[in-house]
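# Reading the structure
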Amino acid sequence: MNPSASHDSMPSQLDRLRSLGRRSLLALRATLPAILALVLALCLGGILVALLGRNPWTVFVRLADSIFGNAFGMGQVLFKATTLIGTGLSVAVAFRAGFFNIGAEGQMYLGGLAAGVVALLLPETTPGLIAPVVALSAAALAGALWGAIPGALKAWLGVHEVINTIMMNFIAFALGSWLLVEHLALFETLHTAEIPAAARLARFETFLPAFRGAPVNLMLLLQIVFCAASWLLLWRTRWGFEVRAVGQSAQAARVVGIPVRRRMVQAMALSGAIAGISACNFVLGYKHYFEEGFTAEAGFKGIAVSLLGANHPFGVIPAALMFGGLDRGGFAINALVPKEIVDIMQALVILLVIVLAPRLAGRMRREQSAPDRQGPQGEEG
Amino acid sequence: MGEAFAFLSLLLVSTLRITVPYLFAALGGWCSERSGVVNIALEGNLLNGALAAVLAASWAEAHGVPGALAGWMGVGAAVVAGIATGALHALITVRFRADQIVSGLGINLLAVGLTEFVLKVVYGSSANSSRIAGIPVWEIPGLADWGVTRVLLCTPLVLLAWCTVILVDRLARRSVFGLRLHAVGEHPEAAQSLGIDVVRLRWIGVMLSGAMAALGGAWLALDQHQFTAGMSSGRGFIALAALIFGKWTPRGAALACLLFAAAEALQIQLQGSRLPIPGQWLQMLPYLVTMIALAGVIGRSRPPAALGRPLEGD
């Protein structure tokens, strides 16, 4: 209507496009340390393979083939990544609030327990849409409770969460083991009965035949939604702003009137809930029961995934895919070298990333500060 | 009455044995954290030390070295592995000034992967190594009669652990090295300006830390006569809690280790009794005691002021 308005919006949209381009370029460069760390870790792993007298090339080809070779392999990777997206996101959310959540493992374990038990208790007639929602909520609640305890201990007593979350992992394992052995496990197994069909999450193979046999299921889409929701919550709401402020400096946050203790507990509860819900990939989407040891260190790997993804809700997705790929590859190469070589490489990735990231970031900042001053000319020319 | 005495005596003996890895790891933690470097890699140090001890001991036994000597070679190998692990932590946190907690986490994960990898390559098993003889108890006439003395004075590594407590305690309060370490952990910049080589002291602190914690691992392996995957089971973290509970002093940490070990010993004793408490509930006991102890002491336990902070400037 008003010609000047449309005229004004033109450059602003262009600017927005430009800033989007610049930001995605920056995001791409932010992944540089992760990629470099992966390459270096693979090289070190290759050396280890060579030391064993095996051909590293054969091992890597087998590894790559198991990941990219066919849809089944990719389905396996996606399945493993689904859990890791969740645990990575859990650690990332806690990290933004200033917490090292090393307890994702235990929170996930109890989440799986709650999901399994609640799904088993549901009446047969529960509709197919409500049953999984109830089970997912139970998992989230259990995880939230387990995360909130170390959160509260830090908020009110000042106890650092690292030791408490580790201790609570062991307590969670013992609790789950007791419930299984004494009450829940089927005869001569360490898992519960199968949950009713209504509570299960559909596998991709039911609508994408290419994924036949792979356990990747609807949980993957849910996890991506959770990533987006966490991003919105942390960066687009007042609550999220306050949580991040607490994470940056609890003292400063207190001075400006943010309820620091409440935010701490809430953030850890959210982190725990996400970790708890991640168990549903296995319990509701794959085996359809709760089993001792089903977490398989996914909680600990979540720490690596979060770090690799720059503790960002969207960063954890590619990082989880990378670690999921390595996990999948480990099984494929197990005939050639012990699959634990993958655990070694994953640990090396963590150590390399924390050494490389600040170095590369420092270099980038120095590079950028120069052209930024003459920015417009540079872009037009 | 006699039954109660036997129970207590057993509890005491078992506590003294269980304390050993906690003592070594907590004292190691002291060396690192007093210099200002958080060391949650103690857990990985325990694992690496335990595996190194078994590898060396079983290699020596296979080459005809008598049991006790092979055991001591295992102890030596553990120390070397501990120094190497400590050096890695120092390289990342002191030289490259990266995050100390994340480095510790990474080293712990590395230790889990590496030990299980080596276990498979060397022993062809993902669960445990072959058996080793270990270091036998000294037979000192007269002393070997009564349980507690026997454990305390005739079990070499138990004796070594308590000697280390005394040594580190003296180091902390009476030596130039101890005072400098303290200064570096409290105010590295001030220490630097007084001519203390902060970086060098931190390297030494962290490597000493690795060596001591690895001794704890060696005890675990030699005591159980084998390496089992994940045999550290959180002891490195409990030792760290003991250090905090003991207000970052060697003496306090040693007492806290005794407390946590007593909780574990009680748990094991009760497992054997006919009490109507499920075993898994008892298993939680040491972890719960650790959490409660930490919650109770906080505020009265002050960490080194520069803990977790790398030296500024370069």
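Cut-offs used in this document
Residues numbered from 1 in each chain as written. Chains lettered and ligands numbered in written order. Predicted model: local features only at pLDDT ≥ 70, side-chain atom pairs only at ≥ 80, totals over all residues. Heavy atoms only, no water. Contact = heavy atoms within 4.5 Å. Buried area = accessible area lost by both parts, 1.4 Å probe. Salt bridge = Lys/Arg side-chain N within 4 Å of Asp/Glu carboxyl O. Polar contact = N/O pair within 3.5 Å; in protein donor to acceptor, adjacent residues only side chain to side chain. Helix = DSSP H or I, 4+ residues; strand = E, 2+ residues; numbered from the N terminus. Nonpolar A, V, L, I, M, F, W, Y, C, P; charged D, E, K, R; others polar. pLDDT = per-residue confidence, 0-100. Expected span 1.5 Å × (residues − 1). Buried < 20%, exposed > 50% of the residue type's maximum accessible area, 1.4 Å probe, protein only. Axes fitted to C-alpha atoms, helices over the stretch in contact; angles between N-to-C directions. Parallel < 35°, antiparallel > 145°, perpendicular 65-115°, else oblique. Phe/Tyr/Trp six-rings, centres within 6.5 Å; stacked < 30°, edge-to-face > 60°. Left-handed = near helix turned anticlockwise from the far one by under 90°. Core = buried A, V, L, I, M, F, W, Y, C linked by side-chain atoms within 4.5 Å. Disulfide = S-S within 2.5 Å.

To continue, consider the interface of chain B and chain A. Reports often express the size of an interface as the amount of accessible area lost when the parts come together. Opposite the 40 residues of chain B that make contact, chain A presents 41 residues. Both sides of the chain B and chain A interface together cover about 3600 Å² of buried area, and 84% of this is carbon and sulfur. The largest per-residue losses of area from chain B upon contact with chain A belong to Phe117, Gln280 and Met291 of chain B, which jointly make up 19% of the total buried on that side. Counting across the chain B and chain A interface gives 1 salt bridge. Residues Glu340 of chain A and Lys120 of chain B are paired through a salt bridge, measuring 3.2 Å at the closest nitrogen-oxygen approach. Taken together, chain B and chain A are joined by 2 residue pairs in polar contact (both at pLDDT 80 or more). At the level of elements, helix H3 (67-95), helix H4 (100-123), helix H10 (235-245), helix H12 (279-283) and helix H13 (285-297) of chain B are the ones that each hand at least two residues to the side of chain B that touches chain A. Ranked by the residues each element gives to the side of chain B that touches chain A, the list is headed by H4 of chain B, at 15 residues. Of the residues contributing to the side of chain B that touches chain A, the split by class is 29 nonpolar, 8 polar and 3 charged.

Here the focus is the confidence of the model for chain B. Averaged over every residue, the pLDDT of chain B is 90; residues scoring 70 or more account for 96%. Overall fold confidence for the complex sits at a pTM of 0.89, while the interface term, ipTM, reaches 0.92.

For the rest of this paragraph, the subject is helix H6 (residues 156-174) of chain B. Helix length check: H6 of chain B, at 19 residues, gives a terminal C-alpha distance of 26 Å against a target of 27 Å (1.5 Å per residue), a fit within 8%. Those residues of H6 of chain B that sit buried are Pro156, Leu157, Val158, Ala161, Thr164, Val165, Val168, Asp169 and Ala172 of chain B.

The next point concerns the packing of H6 of chain B against helix H11 (residues 250-272) of chain B. All names here are of chain B. Closest axis-to-axis distance for the H6/H11 pair is 8 Å, and the angle between their directions is 150°. Comparing their axes, H11 and H6 come out roughly antiparallel. Side by side, H6 and H11 meet where Trp162, Val165, Val168, Asp169, Ala172 and Arg173 of the first sit next to Pro250, Arg251, Ala254 and Leu258 of the second. Looking at the contact of H6 with H11 residue by residue, the class counts come to 7 nonpolar, no polar and 3 charged.

Under the counting rule described, the total for this entry stands at 15 aromatic pairs over all chains. Centroid distance Trp231 of chain A to Phe314 of chain A: 5.9 Å. Interplanar angle 35°. Geometry classified as tilted. Here Trp231 of chain A is found in helix H8 (residues 219-236), whereas its partner Phe314 of chain A is found in the loop between helix H13 (298-308) and helix H14 (316-333), with 83 residues between them in sequence. Measuring from ring centre to ring centre gives 5.7 Å for Phe282 of chain A and Tyr286 of chain A, while their planes differ by 85°; the resulting arrangement is edge-to-face. Each residue in the set Phe79, Tyr109, Phe170, Phe173, Phe282, Tyr286, Phe290 and Phe294 of chain A together with Tyr287 of chain B is aromatic and connected to the rest through ring pairs, giving one cluster.

What follows is about the confidence of the model for chain A. All names here are of chain A. When the pLDDT values of chain A are averaged, the result is 88; 92% of them are 70 or greater. Predicted confidence in chain A is weakest over helix H16 (residues 375-380), with a mean pLDDT of 34, and strongest over helix H11 (residues 260-278), with 97. Across residues 1-6, confidence stays below pLDDT 50; counting only partners more than four residues off in sequence or on other chains, it has 0 contacts. Scored below 50 in pLDDT, residues 370-381 shows 2 contacts in the model against residues more than four places distant or in partner chains.

What follows is about the packing of helix H2 (residues 32-51) of chain A against helix H3 (residues 56-68) of chain A. Residues and elements named next belong to chain A. For the pair H2 and H3, interaxial distance at closest approach is 9 Å and the crossing angle is 125°. Relative to H3, the element H2 is oriented oblique. Here H2 and H3 pass one another in a crossing that is right-handed. Along its contact with H2, which presents Leu42, Gly46, Val49 and Ala50, the element H3 presents Pro56, Val59 and Phe60. Considering only residue class, the contact of H2 with H3 consists of 6 nonpolar, 1 polar and no charged.

Okay, the nonpolar core next. If you look at the biggest cluster of nonpolar residues, it comprises 198 residues, and the most contacted ones within it are Ile102 and Val349 of chain A together with Ile40 of chain B. If one sorts the elements of this core by residue count, helix H15 (residues 340-373) of chain A sits on top with 14 residues. Beyond its immediate chain neighbours, meaning those up to four positions away, Val349 of chain A contacts Ala37, Leu38, Ala41, Leu308, Met322 and Phe323 of chain A.

Glancing now at the pattern of salt bridges. All names here are of chain A. If you walk through the whole model with that rule in mind, you get 16 salt bridges over all chains. Across the pair Glu242 and Arg238 runs a salt bridge whose closest N-O atoms are separated by 3.1 Å. Placement of both Glu242 and Arg238 in helix H9 (residues 238-248) is noted, with a separation of 4 residues, approximately one turn of the helix. Residue classification places Arg238 among the exposed residues on the basis of a relative accessible area of 65%. The partner of Glu242 in a salt bridge is Arg263, with the nearest N and O atoms 2.7 Å apart. Placement of the pair is Glu242 in helix H9 and Arg263 in helix H11, with a sequence separation of 21 residues. Across the pair, Arg263 and Glu242 agree in class, each one buried.

All names here are of chain B. Relative to the helices and strands, Arg34 is located in helix H1 (residues 2-34). Polar contacts involving the side chain of Arg34 include one to the side chain of Glu186, which spans 3.3 Å. Those residues in contact with Arg34, other than ones at most four positions away along the chain, are Gly29, Leu181, His182, Gly185, Glu186, Lys247, Trp248 and Pro304.

So, about the state of the cysteines. Within this structure, the stated rule accounts for 0 disulfides over all chains. Cysteine Cys227 of chain A remains unbridged, with the sulfur of Cys280 of chain A as its closest cysteine sulfur at 15 Å.

Once that is clear, we can look at unusual backbone geometry. You will see that Ala296 of chain A, though not glycine, has its phi angle at about 50°, which is positive. Note on placement: Ala296 of chain A falls in the loop between helix H12 (280-283) and H13.

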